[in-house]
Amino acid sequence: MSAVAAACRSSWDRMAALLPGRADWVAMRRQPRRDLLAGLTVAIVALPLALGFGVSSGLGAAAGLATAIVAGTLAALLGGSNLQVSGPTGAMTVVLVPIVHRFGPGGVLTVGLLAGLFLVALALARAGRYVRYVPAPVVEGFTAGIAAVIFLQQVPVALGVPVPEGDRVTAVAWHAITDFAAHPRWTAPVLALGVCAAMLIGARHRPRVPFSLLAVAIVTVVTAAANLDVARIGALPATLPAPSLSFLDAAAVPMLLTSAVAVAALAALESLLSATVADGMTVGQRHDPDRELFGQGMANLVTPLFGGVPATAAIARTAVNVRAGAGSRLAALTHALVLAVIMFAAAPLVAYIPLAALAGVLLATAIRMVEVGSLLALARSTRSDAVLIAVTATATVALDLVAAVGVGMVLAAFLAIRKIARAATLEQVPLDGSDHHAEEEALLAEHIVAYRFDGPLFFAAGHRFLLVLTEVADVRVVILRMSRVSTVDGTGASVLRDAVERLEHRGVAVYLSGVRPEHERALAAIGVLERLRAQGRVLENTPDAITAARAMAGRTGGLAGAAPAPMMTGT
């Protein structure tokens, strides 16, 4: 009996750790004005996206709006990040379209509920930590593939032709193009391209202005005033429907389990990656991955009861939230509340929005999803990373999203193992007479610390190195000894860049010593090597780096009264 009681207590403690605490409510009272303004800003950006993704999923604009309100509220309250904004996303829409074709709207709602159960189970199993092992090229290829699928999905609506049958986006887009070529009508394409161009050009010159909403509003007014014959959203309910389980078909559940696993995996991956991006955009914020899975799970459990589609954290809306000055969950809650007010007060006006205008919003969103600079930097770093990006992106378009991530992970593991095997050697060498351990100890009093990398700097070890480096304290200069690094991939180089930038943001100067010629390509591709070299902070050996570091510390002055930092050695 005691063993059972202990197990029950352990399960309860684990569940309690996933629930909101007093610190969450305290944080919401620190800067309410900024959070409220940030939430309003995000709601303005999110409105056309929620409507567009709802239409694109096949369940209609009302489903997208309900998802943004319900999931946005629950994920904000229960999730593991103070800055996340959740709702319908393009990546989730890509998964839902085939389910709608095969099982209808009820199948989508059932899949969302099942996916919520899976996400809660992952949270209780503490599986959130494992997303850090997804390599950057897989994420970039996955994102590029999703962007291509979203773009192709909008082609029929943007051209103003009926959506052809089928769940293969390339075939559907091609049939839409041939239908348009046979009977061209230019109103819908002009509207879609106009909204898309306004968003892309406007974001480039005035990134803080919500051009998506402005463009959609202008197009809606013009088409209504001119009485143009275009397809529109149609009537929307003024309130959320009463919660119901009438959609649930128990007989269909076994057939939907595979789709539910795919939706849960996508929600977990996208949400945790979005939380990581939000942490990187701020100072002092760090999300709890297991709580984030729990929050997304509860959101997906409840949202289908109100007719909403499966949801996940939205990277673009989260980024807008951070840039608008959000500091707590109050901003995301405000975003959901504003959307609820719009649904209640402006549903008749929203019904007049042309579908082609929403297609233009999603076309621009797909284009902006692809970070060309980051993509090219990783592709140039090593041939393996370029292959990984290309294969993952192609698999995302040709297969389903979870299969694409699986293909990317398997290929990444193969390439990493091959890289490690090539770098591994066994030879008899004399003792290293150039070891500077004693001198490093002496440097602590001068607030200088040296780290030595041993072995590969790649995706599996990169996050641990980043954690160690960014937690260094009470130092003025950090020397990174690179002579024993066996291999560097794009993710490792990106992690090193992030560590350097975070240290420099805190006023800590960074020096590199002993960078091997074969590693310069990967480091140069992400821009860290040239910048440090231009500042005279890339040295051939450790003695030269120590001399330069002492000169830097002497010019800037020590940290008076600071305790020496413990010296770490990365292995």
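Rules used in this analysis
- Residues numbered from 1 in each chain as written.
- Predicted model: local features only at pLDDT ≥ 70, side-chain atom pairs only at ≥ 80, totals over all residues.
- Heavy atoms only, no water.
- Helix = DSSP H or I, 4+ residues; strand = E, 2+ residues; numbered from the N terminus.
- Buried < 20%, exposed > 50% of the residue type's maximum accessible area, 1.4 Å probe, protein only.
- Contact = heavy atoms within 4.5 Å.
- Areas by Shrake-Rupley, 256 points an atom, 1.4 Å probe, with all protein chains shown as cover.
- Axes fitted to C-alpha atoms, helices over the stretch in contact; angles between N-to-C directions.
- Parallel < 35°, antiparallel > 145°, perpendicular 65-115°, else oblique.
- Left-handed = near helix turned anticlockwise from the far one by under 90°.
- Nonpolar A, V, L, I, M, F, W, Y, C, P; charged D, E, K, R; others polar.
- Pairing = 2+ DSSP bridges.
- Expected span 1.5 Å × (residues − 1).
- Salt bridge = Lys/Arg side-chain N within 4 Å of Asp/Glu carboxyl O.
- Core = buried A, V, L, I, M, F, W, Y, C linked by side-chain atoms within 4.5 Å.
- Phe/Tyr/Trp six-rings, centres within 6.5 Å; stacked < 30°, edge-to-face > 60°.
- Bend = angle between axes of the 7 residues up to and from the residue.
- pLDDT = per-residue confidence, 0-100.

Peer 1: Quick question: what am I supposed to make of the overall build of the protein here?
Peer 2: On a plain count of helices and strands, the protein comes out with 24 helices and 8 strands. Scored against the burial criterion, the 571 residues of the protein give a buried share of 50%. Partitioning the contacts of the protein with sequence separation of at least 6, the portion at a separation of at least 24 is 85%. Carbon together with sulfur atoms contributes 64% to the accessible area of the protein, which is approximately 25800 Å² in total.

Peer 1: Can you help me understand the packing of helix α11 (residues 253-280) against helix α13 (residues 315-323) in this one?
Peer 2: A pair of packed helices can be characterised by two numbers: the angle between their axes and the separation between those axes. Close contact between α11 and α13 brings their axes to 10 Å; oriented N to C, the two are set at 25°. With respect to each other, α11 and α13 are oriented roughly parallel. Considering the relative orientation of α11 and α13, their crossing is right-handed. Across from E270, S274 and A278 in α11, the residues of α13 making contact are I315, T318 and V322. Looking at the contact of α11 with α13, its residues break down into 3 nonpolar, 2 polar and 1 charged.

Peer 1: I'm lost on the sheet that holds strand β3 (residues 448-452) in this one. Help?
Peer 2: Strands in a sheet are paired, the pairing made by backbone hydrogen bonds, and the direction either parallel or antiparallel. As summarised here, the arrangement of the 4 strands in space is β3-β5-β7-β8, forming an open sheet in which the pairing is parallel. Because the sheet does not close on itself, it has two edges, and the strands there are β3 and β8 (538-539). Pairing of strand β7 (residues 509-513) with β8, which is carried by 2 bridges, proceeds in the parallel orientation. Residue L512 lies in a different strand from β8, and its bridge partner there is V538.

Peer 1: Would you mind showing me how to read the pairing of strand β5 (residues 477-481) here?
Peer 2: Two faces, one strand: in a regular strand the side chains alternate between the faces of the sheet. The element β5 is largely enclosed, with a buried count of 5 among its 5 residues. With 5 bridges joining them, β3 and β5 adopt parallel strand pairing. Bridging from a neighbouring strand, V449 pairs with V478 of β5. Strand direction decides the pairing type here: β5 and β7, joined by 5 bridges, are parallel. Bridge pairing in β7 links L480 to L512.

Peer 1: Mind showing me how you'd approach helix α4 (residues 61-78) here?
Peer 2: The end-to-end C-alpha distance of α4 is 26 Å, a good match for the 26 Å that 18 residues give at a rise of 1.5 Å each. Burial analysis of α4 places 15 of its 18 residues in the buried class, which makes it a mostly covered element.

Peer 1: Would you explain the pattern of salt bridges in this entry?
Peer 2: It is possible for side chains bearing opposite charge to pair when their charged atoms get close. As enumerated under the stated definition, the model contains 6 salt bridges in all. Residues E504 and R531 are paired through a salt bridge, measuring 2.9 Å at the closest nitrogen-oxygen approach. Pair noted here: E504 is in helix α21 (residues 490-505) and R531 is in helix α23 (residues 528-534), with a separation of 27 residues, a long-range link. Of the charged contacts, one joins R516 and E518 as a salt bridge, the two residues approaching to 3.7 Å between their closest N and O atoms. For R516, a relative accessible area of 29% puts it in the partly exposed group. Through salt bridges with shared partners, one network takes in E504, R531 and R537.

Peer 1: Please explain the nonpolar core as it appears in this structure.
Peer 2: A general tendency of soluble globular proteins is for nonpolar side chains to be buried together. Membership of the largest hydrophobic core comes to 88 residues, with the highest contact counts inside it found for L51, V195, I233 and L339. Considering each element in turn, this core owes the most residues, 16 residues, to helix α5 (residues 90-124). Once residues lying within four places of it in the same chain are set aside, the contact partners of L51 are A61, L65, I233, L236, V350, I353 and L358. By size, the runner-up hydrophobic cluster in this structure holds 26 residues, among which are L457, V488, L512 and L529.

Peer 1: Is there a simple way to explain the environment of A393 in this structure?
Peer 2: Tracing the sequence through the fold places A393 in helix α17 (residues 383-398). Judged by its relative accessible area of 17%, A393 falls in the buried class. A393 sits 251 residues away from F142 along the chain, and the two C-alpha atoms are 5.3 Å apart. Those residues in contact with A393 that lie beyond four places of it in its chain are G141, A144 and G145.

Peer 1: Sorry, what's going on with unusual backbone geometry here?
Peer 2: Residues other than glycine predominantly adopt negative phi, and peptide bonds predominantly adopt the trans conformation. Even without being glycine, R126 reaches a positive phi, approximately 55°. Examined against the element boundaries, R126 turns out to sit in the loop between α5 and α6 (136-153). Residue R126 is classed as partly exposed on the basis of its relative accessible area, which comes to 40%. Of note in this structure, N227 is not a glycine but carries a positive phi near 55°. Looking at where N227 falls in the secondary structure, it is placed in the loop between α10 (211-225) and α11.

Peer 1: Mind showing me how you'd approach the packing of aromatic side chains here?
Peer 2: Two measures describe an aromatic ring pair: the distance that separates the ring centres and the angle between the ring planes. Here the structure, examined in full by the defined rule, presents 1 aromatic pair. On the numbers, 5.1 Å between centres and 90° between planes, the contact of F180 with W186 is edge-to-face. Assessed through its relative accessible area of 10%, F180 is described here as buried. We classify W186 as exposed; its relative accessible area is 56%.

Peer 1: Which parts of the structure should I look at to understand α5?
Peer 2: An α-helical turn contains 3.6 residues, so any two residues separated by three or four positions project in the same direction. Helix length check: α5, at 35 residues, gives a terminal C-alpha distance of 27 Å against a target of 51 Å (1.5 Å per residue), a shortfall beyond 12%. Of all the bends in α5, the greatest, near 125°, is centred on F103, and the proline P105 appears no more than four residues after it.

Peer 1: Where do I start with the confidence of the model for the protein in this structure?
Peer 2: In low-pLDDT segments, the atomic positions of the prediction should not be examined closely. The predicted model of the protein averages 81 in pLDDT, with 84% of residues at 70 or higher. Below pLDDT 50 for its whole length, residues 424-434 participates in 1 contact with residues either more than four positions away or in separate chains. Contacts of residues 558-571 to residues separated by more than four positions or lying in other chains number 32 contacts, the stretch itself having pLDDT below 50.

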